[in-house]
Amino acid sequence: MDILDGIAPLAPRYDGFVLDLWGVVHDGRKPYPGVVEALERLRAAGKRVAFLSNAPRRAWVVERQLAGMGIGKETHYDGVITSGELVWRHLERREAPFFARLGRRVFHIGPDRDHSVIEGLDLVFVESPAQAEWVLNTGPDPRRGPRSVEPYEETLSACAGLGLPMVCANPDLAVMVAGERLICAGALAARYREMGGEVAEIGKPDPATYPPVLDLLGVKRRERVLAIGDSPHTDLAGAQAAGLDAVWALTGLAAHAHGEDPSPERLREALREHGVEPLAALRGLRW
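Residues numbered from 1 in each chain as written. Predicted model: local features only at pLDDT ≥ 70, side-chain atom pairs only at ≥ 80, totals over all residues. Heavy atoms only, no water.

Draft legend 1. Looking closely at helix α10 (residues 264-274). Within α10, the full set of buried residues consists of L267, A270 and L271. Each buried residue of α10 sits inside an arc of 100° when the element is viewed along its axis, so together they form one side. Looking at α10, the residues exposed on the side facing more than 90 degrees away from the buried face are R272 and E273. Looking at the buried positions of α10, the neighbouring elements they touch are β1 (3-4), α8 (232-241), β13 (245-249), α9 (253-258) and β14 (280-282). (Buried < 20%, exposed > 50% of the residue type's maximum accessible area, 1.4 Å probe, protein only. Helix = DSSP H or I, 4+ residues; strand = E, 2+ residues; numbered from the N terminus. Arc of directions from axis to C-beta. Contact = heavy atoms within 4.5 Å.)

Next comes the structure, spelled out in structure tokens:
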């Protein structure tokens, strides 16, 4: 497997770039070294750039966060699609059968900052599973913490016992934030399934996640679009299922799992476990 130092060799081959955020563009607090310059160079070369994230909140919330990191819309990228945004669209349109049958009363597992997922909709948060018709899972909350599923066992068991369907707004199992590995909503959803709960996960690796970001890019030919992500489980598998070329960023979760300078053999073995075949690996999103 080729391990590239930057994206300059790839740029001429593609018109559009679909980039993961956490673990590729930034570490949850600040951009990785070289990222801002790489984005500026892509835009200067006439490339379209969009971010596709399993963030369990509306796209506008993520855009505001990026602006706080010095990454501006239109100057560095063309748009954002998040799993939280897609959940909001499902809840607004009620076209998919799973969402069509959900009631108004929602029990939320997650932090208050994710309330944007139901903003402006005819829905209301309730205080307990017994009052709810379904569960919105956006991940760990500040009170119980983001390091283990164990503190959520009682709540998940109560919801499963009531037969409440769960909407998981972030299929990621974990994320790296400032060098620390934290669990995500996907870990809670996996445990809920083990308890017999019904779960709808919205986001990567589901190939249905990709048409909205491709529409945003405006690049008609999929062979001219490259996806870059740090997770074989979501980013690479999702891109492959959607028929896009992909490159594995060796930052974020990849760096945590395989170290700063992994061997090509070790990387190939990890990719075989997930059944994905990216074009190459990338040491970091830099030019």
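On we go.
Draft legend 2. Representation of the pattern of salt bridges within the structure. Here the structure, examined in full by the defined rule, presents 23 salt bridges. E63 is the partner of K73 in a salt bridge, and the nearest nitrogen-oxygen pair spans 3.4 Å. In this pair, K73 is assigned in the loop between α2 (59-68) and β4 (79-82) and E63 in helix α2, connecting sequence segments 10 residues apart. Accessibility expressed as a relative area gives 19% for E63, which makes it buried. Between E223 and R221 there is a salt bridge, with its nearest N and O atoms 2.8 Å apart. Given the relative accessible area of 47%, E223 is considered partly exposed. Bridged by salt links that share partners, the residues R58, E85, R89 and E119 form one connected network. (Salt bridge = Lys/Arg side-chain N within 4 Å of Asp/Glu carboxyl O.)

Draft legend 3. Spotlight on the packing of aromatic side chains. Summed over the entire model, instances satisfying the criterion amount to 3 aromatic pairs. Geometrically, the ring pair formed by Y14 and F17 is edge-to-face, given 6.2 Å between the ring centres and 70° between the ring planes. Judged on exposure class, the residue Y14 and its partner F17 are both buried. Residues F51 and Y77 carry aromatic rings whose centres are separated by 4.8 Å and whose planes lie at 45° to one another, so their mutual orientation is tilted. Of the two residues, F51 sits in strand β3 (residues 48-53) while Y77 sits in the loop between α2 and β4, which places them 26 residues apart along the sequence. Of the two residues, F51 and Y77, neither departs from the other in class, the shared state being buried. Here R58 stacks its cationic end above the ring of W88, 4.0 Å away from the centre of that ring. (Phe/Tyr/Trp six-rings, centres within 6.5 Å; stacked < 30°, edge-to-face > 60°. Lys NZ or Arg CZ within 6 Å of the ring centre and 35° of its normal.)

Draft legend 4. Main features of the sheet that holds strand β2 (residues 16-19). Read across the open sheet, the 7 strands follow the order β1-β14-β13-β12-β2-β3-β4; overall the sheet is parallel. Unpaired on one side and paired on the other, β1 and β4 mark the two borders of the sheet. Docked against the sheet, helix α3 (residues 83-93) engages β3 and β4, running at close to 70° with respect to β4. On the sheet, helix α7 (residues 210-217) packs against β2, β3, β4 and β12 (225-229) and is oriented at approximately 155° with respect to β3. (Pairing = 2+ DSSP bridges. Axes fitted to C-alpha atoms, helices over the stretch in contact; angles between N-to-C directions.)

Draft legend 5. Representation of unusual backbone geometry within the structure. Note that the residue after K204, namely P205, is joined by a cis bond; omega there is 15°. At E74, a residue that is not glycine, the phi angle is positive and equals roughly 80°. Counting through the fold element by element, E74 comes out in the loop between α2 and β4. A residue is classified by how much of its surface remains accessible, and E74, at 62% relative accessible area, is exposed. Of note in the backbone geometry, R94 takes a positive phi value of approximately 55° without being a glycine. Of note, R94 is situated in the loop between α3 and α4 (97-100).

Draft legend 6. Examining the pairing of β4 more closely. Burial along β4 is two-sided: the face carrying G79 and I81 and the face carrying V80 and T82 are both buried. When β3 meets β4, the two strands line up parallel, connected through 4 bridges. Within β4, the position partnered with F51 by the bridge is V80. This β-α-β element, β3 to α2 to β4, shows right-handed connectivity. (Right-handed = clockwise from strand over helix to strand, strands pointing away.)

Draft legend 7. How the structure looks around the pairing of β3. Counting buried positions along β3 gives 5 out of 6 residues, so the element sits mostly inside the fold. The pairing of β2 with β3 spans 4 bridges and is parallel. Its bridge partner lying in β3, F17 is registered against V49. Read from β2 through helix α1 (residues 35-44) to β3, the crossover connection turns out right-handed.

Draft legend 8. Representation of the nonpolar core. Ranked by size, the top nonpolar core spans 44 residues in total, and within it L91, W134, L136, V167, V213 and W248 carry the most contacts. If we ignore the near neighbours within four places in the chain, the residues touching L136 are V106, F107, H108, I109, V117, I118, F125, V167 and A169. V35, L39, V177 and V247 belong to the second largest nonpolar core, which has 36 residues in total. (Core = buried A, V, L, I, M, F, W, Y, C linked by side-chain atoms within 4.5 Å.)

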